[in-house]
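Coordinates in review
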Amino acid sequence: MKATAELQVIPIGKGVSVRQEITRVVGLLHEYGLIIETHASGTNIEGELADILAAVEKIHEVLHKEGCVPLVSYLKVETRTDKAPTLIGKRL
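Scope of this entry: the structure provided in the associated data block. The structure presented is a predicted model; accordingly, all values stated were derived computationally and were not measured. (Residues numbered from 1 in each chain as written. Predicted model: local features only at pLDDT ≥ 70, side-chain atom pairs only at ≥ 80, totals over all residues. Heavy atoms only, no water.)

**What about the nonpolar core?**
By size, the foremost hydrophobic cluster in this structure holds 19 residues, and its most contacted members are L7, V9, L29, L34, I45, I59 and L63. Those elements giving two or more residues to this core turn out to be β1 (2–11), α1 (19–31) and α2 (49–65). Per-element tally for this core: the top contributor is α2, with six residues. In this structure, I45 is in contact with A3, T4, A5, L7, L29, L34, I35, I36, I52 and L87, ignoring residues within four places of it in sequence. (Core = buried A, V, L, I, M, F, W, Y, C linked by side-chain atoms within 4.5 Å. Buried < 20%, exposed > 50% of the residue type's maximum accessible area, 1.4 Å probe, protein only. Helix = DSSP H or I, 4+ residues; strand = E, 2+ residues; numbered from the N terminus. Contact = heavy atoms within 4.5 Å.)

Structure follows, in structure tokens:
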């Protein structure tokens, strides 16, 4: 099932800058072959729903392993039955 999503990952307690952790998140999303667009407060994603969910699980596993003890993610997912949702279809 195709889906679009918005993911915000918040590594808590890592200091003022979390650039390293967020760069890692973007790299992991690319490993799943997902189409992504980063923005100031998160990442928009397009792909198979199963891949999006698996990527979020992998992000948590990897960041915990790399030292992020508390980690919060907010995930909004859209699926449709009338057509495949795309990021390009969301642009104004």
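**A closer look at a nonpolar patch on the surface**
A contiguous nonpolar patch, built from L53, L75 and V77 and spanning about 220 Å² of accessible area, is present on the exposed surface. Inspection of the secondary structure assignment puts L75 in strand β4 (residues 71–78). A residue is classified by how much of its surface remains accessible, and L75, at 31% relative accessible area, is partly exposed. (Patch = residues over 30% accessible without salt bridge, like charges linked within 9 Å, V, L, I, M, F, W, Y side chains within 5 Å. Areas by Shrake-Rupley, 256 points an atom, 1.4 Å probe, with all protein chains shown as cover. Salt bridge = Lys/Arg side-chain N within 4 Å of Asp/Glu carboxyl O.)

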